[in-house]
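Listed here are the chains, written in short residue letters.
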Amino acid sequence: MRIGELAQKSGLTTSKIRFYERIGLLKAVDRRSNGYRTYSSQAVTILGLITTAQRAGFTLDEIRALLPSDLTHWDHATLMDALTRKITDIEALQARLAQSRVHLLRLIEDIQARPNDMDCAANAHRVLTNMLAEHPKALDVTSDDIRLLDATDRRQSVSPARRKKTVSR
């Protein structure tokens, strides 16, 4: 089949098919004397495997290492190892995302807990101080950064008329 038909059957663009061929993922390609590419029916399956593997989080390099030149000769041990490692990677990512979610929810809660008599700049300082107290090692913030934040907060909390005078100095 020609590339247009392969694109229709696989749901991929011709440029993506050519890209996969160029990087060595799609090898089931013959060239006719007129320069046209022809693909075996196996190319549809290979493209489906590539697309599915990418959706599962595999990189093109990982796919290249796993994909046999002939689909009837899979290396079972290598495939199972790669799949198991990818599940471990996904589980680690899920744990990091869950931790990030909890952290962001706590941050939102802390920001929204601003006392009515506190301006935004002071609240930002309060929230940052709380974050540093909870996770001082996780954040790469120094005391100089805090002093800079304090100075910036003071500038931002000044009235608009006063701010213009400060800027024009």
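Residues numbered from 1 in each chain as written. Predicted model: local features only at pLDDT ≥ 70, side-chain atom pairs only at ≥ 80, totals over all residues. Heavy atoms only, no water.

Asks: So what about the overall build of the chain? Which residues, and what values?
Replies: Within the chain, the secondary structure is distributed over eight helices and two strands. Helices and strands in the chain line up, N terminus first, as α-α-β-β-α-α-α-α-α-α. Per-residue burial over the chain gives 22% buried out of 169 residues. Of the roughly 12100 Å² that the chain leaves accessible, carbon and sulfur atoms contribute 55%. (Helix = DSSP H or I, 4+ residues; strand = E, 2+ residues; numbered from the N terminus. Buried < 20%, exposed > 50% of the residue type's maximum accessible area, 1.4 Å probe, protein only. Areas by Shrake-Rupley, 256 points an atom, 1.4 Å probe, with all protein chains shown as cover.)

Asks: I'd like a rundown of the nonpolar core, residues and numbers included.
Replies: Ranked by internal contacts, the top residues of the largest apolar core, which has 21 residues, are L6, I17, Y20, L26, Y39, L47 and I50. Elements with a contribution of two residues or more to this core: helix 1 (3-10), helix 2 (14-22), helix 3 (42-55) and helix 4 (60-66). The leading source of residues in this core is helix 3, at five residues. Leave out the neighbours within four places in its chain, and Y20 touches L12, L25, L26, L47, I50, Q54 and L60. (Core = buried A, V, L, I, M, F, W, Y, C linked by side-chain atoms within 4.5 Å. Contact = heavy atoms within 4.5 Å.)

Asks: So what's going on with the packing of helix 5 (residues 76-112) against helix 6 (residues 120-134)? Residues and values would help.
Replies: Where helix 5 contacts helix 6, the two axes come as close as 9 Å, and the packing angle between them is 140°. For the pair helix 5 and helix 6, the crossing hand works out as right-handed. The residues of helix 6 that touch helix 5, namely those facing R106, L107, D110 and I111, are N123, R126, V127, N130, M131 and E134. Broken down by class, the residue content of the contact of helix 5 with helix 6 amounts to four nonpolar, two polar and four charged. (Axes fitted to C-alpha atoms, helices over the stretch in contact; angles between N-to-C directions. Left-handed = near helix turned anticlockwise from the far one by under 90°. Nonpolar A, V, L, I, M, F, W, Y, C, P; charged D, E, K, R; others polar.)

Asks: Before we move on, could you go through helix 5 and cite the residues and values that matter?
Replies: The end-to-end C-alpha distance of helix 5, which contains 37 residues, comes to 53 Å, matching closely the 54 Å that a straight helix rising 1.5 Å per residue would cover. When we look at burial in helix 5, the residues that qualify are A82, K86 and D110. On the buried face of helix 5, the contacting elements are helix 4 and helix 6. (Expected span 1.5 Å × (residues − 1).)

Asks: Give me the lowdown on the confidence of the model for the chain, citing residues and values where you can.
Replies: Low pLDDT marks regions whose predicted coordinates should not be analysed in detail. Mean pLDDT for the chain: 80, with 79% of residues reaching 70 or above. Mean pLDDT across the elements of the chain ranges from a minimum in helix 8 (residues 160-168), with 42, to a maximum in helix 1, with 94. (pLDDT = per-residue confidence, 0-100.)

Asks: Give me the lowdown on the pattern of salt bridges, citing residues and values where you can.
Replies: Per the stated rule, a full pass over the model turns up six salt bridges. The shortest N-O distance in the salt bridge between K9 and E5 comes to 3.3 Å. One end of the pair is K9 and the other is E5, both in helix 1 and four residues apart, which spans about a single turn. Among the residues examined, E5 registers a relative accessible area of 36% and is labelled partly exposed. A salt bridge links R85 to D81, with the nearest nitrogen and oxygen atoms 3.1 Å apart. With R85 and D81 both in helix 5 and four residues apart, this pair spans about one turn of that helix. (Salt bridge = Lys/Arg side-chain N within 4 Å of Asp/Glu carboxyl O.)

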